[in-house]
Amino acid sequence: MNAQPALYELPYDIGEFPKGTVLASGNSWGNTSTNIDLYASYDKGHSWSFVSKIATGGRPNTTNGADPVWEPFILAYDGTLGMFYSDQRDPAHGQKLAHQESTDLKEWGPVVNDVAYLNYTLRPGMTVIDYIPPIDKWIFVYEFPPFAGGFNYFKNEYPVYYRLANTPYDFRFADGHPLIANETSPNGSPFVVWSPSGGANGTLIVSDADARELFTNQNVGRVDRWVKRKQPGRPAYSRALHVTKSDPDRLLVFSGSTFDSDPEGVIIPFSVTALSIEKLLADGYTDDSL
């Protein structure tokens, strides 16, 4: 696989694949196609086997009118597995966000739209989803360029939006909300996690591609309760977040290079920053704190 990796550990048996199986997807592309494929490991990543091909599109090309597929995200729900991805194959949409479902990881159901706008030129992208237990709902973050080459009020070309739904397969029925915090808006490649740390409602935490800071919400996604928080890790493109099960106050921020702002010729190492969510919420970090 060339790019856009996704990893997931099965929380229960699906078909012949037992709980604990590690799944991997990504974009396998060449001169003529892009492909969302699925691989499985029964030994925690030591060996892998091909399982199925979920979606195939045209060669890599982000121009409206081209027909590739991009950016898989894996999530199990209610006995099924969902593969979420960005899709340019629909002639009604320059790009949309969609998913397919499977009960055995080998045969996949039809393409279901998650975010698809009537304006053909709009290009929502980069699905990430997490569960919010206090309200029994799911949150879906994505980037949503206002129009080709345009910028939003905060001068972001790829502002971050989010939706809340009763299941991860029902976001097409939900409204999209722009994420705004401290008079700013995150920009590009969002990631979201929920932690029980931080109060009765827990805490939603969002990362983006441009800000060094993180964006938090202790009111289960209420639109006027996002706060921008300082943290010591570096900004990075497609920066991922993880809350450890053994310690829900421990947040891991995975960073690599930025999309276009690192000095040319400088090799940026992959890094992991470990944070306390309680300290983050108390604004206990500065840009240079460890």
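Predicted, not measured: the structure shown is a model, and the values here were computed from it.

Peer 1: Got a minute to help me understand the sheet that holds strand β9 (residues 125-132) in this structure?
Peer 2: Think of a sheet as strands paired side by side through backbone hydrogen bonds, with each pair either parallel or antiparallel. Reading across from one edge, β9-β10-β11-β12 is the order of the four strands in this open sheet, with antiparallel pairing throughout. Edge strands, defined here as strands with exactly one partner in the open sheet, are β9 and β12 (177-178). For strand β10 (residues 137-143) and strand β11 (residues 160-165), the ladder comprises six bridges, and the chain directions are antiparallel. Each residue of the ladder has a partner; that of Phe-140, found in β11, is Arg-163.

Peer 1: Looking at this model, I keep getting lost on the pairing of strand β17 (residues 240-243). Mind explaining?
Peer 2: A regular strand carries its side chains on alternate faces of the sheet. Side chains Leu-241 and Val-243 of β17 all project onto a buried face; the interleaved residues Ala-240 and His-242 project onto a face where none is buried. Count of turn residues in the β17/strand β18 (residues 250-255) antiparallel hairpin: six residues.

Peer 1: Help me understand the sheet that holds strand β2 (residues 22-29) in this model?
Peer 2: Spatially, the four strands line up as an open sheet ordered β1-β2-β3-β4, and their pairing is antiparallel. Two strands lie at the open edges of the sheet, namely β1 (3-9) and β4 (49-57), each paired on one side alone. Here the average twist between neighbouring strands, direction ignored, is 20°. Two elements, β1 and β2, share five bridges in a ladder whose sense is antiparallel. When the bridges of β2 are listed, Tyr-8 appears paired with Leu-23.

Peer 1: Even after reading the chapter, I still don't get the packing of aromatic side chains, so can you show me in this structure?
Peer 2: A ring pair, where both rings are aromatic, is described by two values, the distance of the centres and the angle of the planes. By the definition in use, this model includes 16 aromatic pairs. Taking the centre distance of 5.7 Å and the plane angle of 90° together, the rings of Tyr-77 and Tyr-169 count as edge-to-face. Linking Tyr-77 in strand β5 (residues 69-77) with Tyr-169 in the loop between β11 and β12, this pair joins segments that are 92 residues apart in sequence. What makes Tyr-169 buried here is its relative accessible area of 9%. Their ring planes at 50° and their centres at 4.7 Å tell us that Phe-140 and Phe-171 sit as a pair that is tilted. Of the two residues, Phe-140 is situated in strand β10 and Phe-171 in the loop between β11 and β12; the sequence distance between them amounts to 31 residues. The same class applies to Phe-140 and to Phe-171, which are both buried. Through pairs of rings, three or more aromatic residues link up here, namely Tyr-117, Phe-140, Tyr-142, Phe-144, Tyr-161 and Phe-171. The ring centre of Tyr-285 lies 4.6 Å from the NZ or CZ of Lys-279, which sits over that ring.

Peer 1: I tried to follow the nonpolar core on my own but got confused; where do I start?
Peer 2: Across soluble globular proteins, nonpolar side chains have a tendency to be buried as a group. The biggest cluster of nonpolar side chains holds 52 residues, and the ones touching the most others in it are Leu-38, Leu-81 and Leu-105. Not counting residues up to four positions away in its chain, the partners in contact with Leu-38 are Leu-23, Ala-24, Phe-50, Val-51, Ser-52, Ile-54, Ile-74, Leu-81, Met-83, Leu-105 and Trp-108. Listed in part, the 12 residues of the second largest apolar core include Val-193, Leu-251, Ile-277 and Leu-281.

Peer 1: Even after reading the chapter, I still don't get the pattern of salt bridges, so can you show me in this structure?
Peer 2: Pairs can form between side chains of opposite charge whenever their charged atoms are close. Summed over the entire model, instances satisfying the criterion amount to 10 salt bridges. The salt bridge involving Asp-224 is made with Arg-222; its shortest N-O contact spans 2.6 Å. With a relative accessible area of 42%, Arg-222 lands in the partly exposed category. Of the charged contacts in the structure, one is a salt bridge between Arg-225 and Asp-224, with a shortest N-O distance of 3.2 Å. Exposure remark for Asp-224: the relative accessible area of 45% places this residue in the partly exposed category.

Peer 1: Before we go on, may I ask you to explain unusual backbone geometry in this structure?
Peer 2: Trans peptide bonds make up the majority, and among non-glycine residues the majority have a negative phi. Even without being glycine, Met-126 reaches a positive phi, approximately 70°. The topology assignment puts Met-126 in strand β9. Residue Met-126 is classed as buried on the basis of its relative accessible area of 12%. You will see that Asp-283, though not glycine, has its phi angle at about 55°, which is positive. Considering the arrangement of structural elements, one finds Asp-283 in the segment after α1 (277-281).

Peer 1: Help me out: how do you make sense of the side chain of Asn-156 in this one?
Peer 2: By the secondary structure assignment, Asn-156 is in the loop between β10 and β11. For Asn-156, a relative accessible area of 10% corresponds to the buried category. There is a polar contact of 2.3 Å between the side chain of Asn-156 and the backbone oxygen of Ser-185.

Peer 1: Explanation requested: the side chain of Thr-244 in the structure shown.
Peer 2: Its place among the elements puts Thr-244 in the loop between β17 and β18. Within the structure, the side chain of Thr-244 is placed 2.8 Å from the backbone oxygen of Asp-247, a separation counted as a polar contact. Excluding anything up to four places from it in sequence, Thr-244 contacts Arg-250 and Leu-252.

Definitions and limits used
- Residues numbered from 1 in each chain as written.
- Predicted model: local features only at pLDDT ≥ 70, side-chain atom pairs only at ≥ 80, totals over all residues.
- Heavy atoms only, no water.
- Pairing = 2+ DSSP bridges.
- Helix = DSSP H or I, 4+ residues; strand = E, 2+ residues; numbered from the N terminus.
- Buried < 20%, exposed > 50% of the residue type's maximum accessible area, 1.4 Å probe, protein only.
- Axes fitted to C-alpha atoms, helices over the stretch in contact; angles between N-to-C directions.
- Phe/Tyr/Trp six-rings, centres within 6.5 Å; stacked < 30°, edge-to-face > 60°.
- Lys NZ or Arg CZ within 6 Å of the ring centre and 35° of its normal.
- Core = buried A, V, L, I, M, F, W, Y, C linked by side-chain atoms within 4.5 Å.
- Contact = heavy atoms within 4.5 Å.
- Salt bridge = Lys/Arg side-chain N within 4 Å of Asp/Glu carboxyl O.
- Polar contact = N/O pair within 3.5 Å; in protein donor to acceptor, adjacent residues only side chain to side chain.

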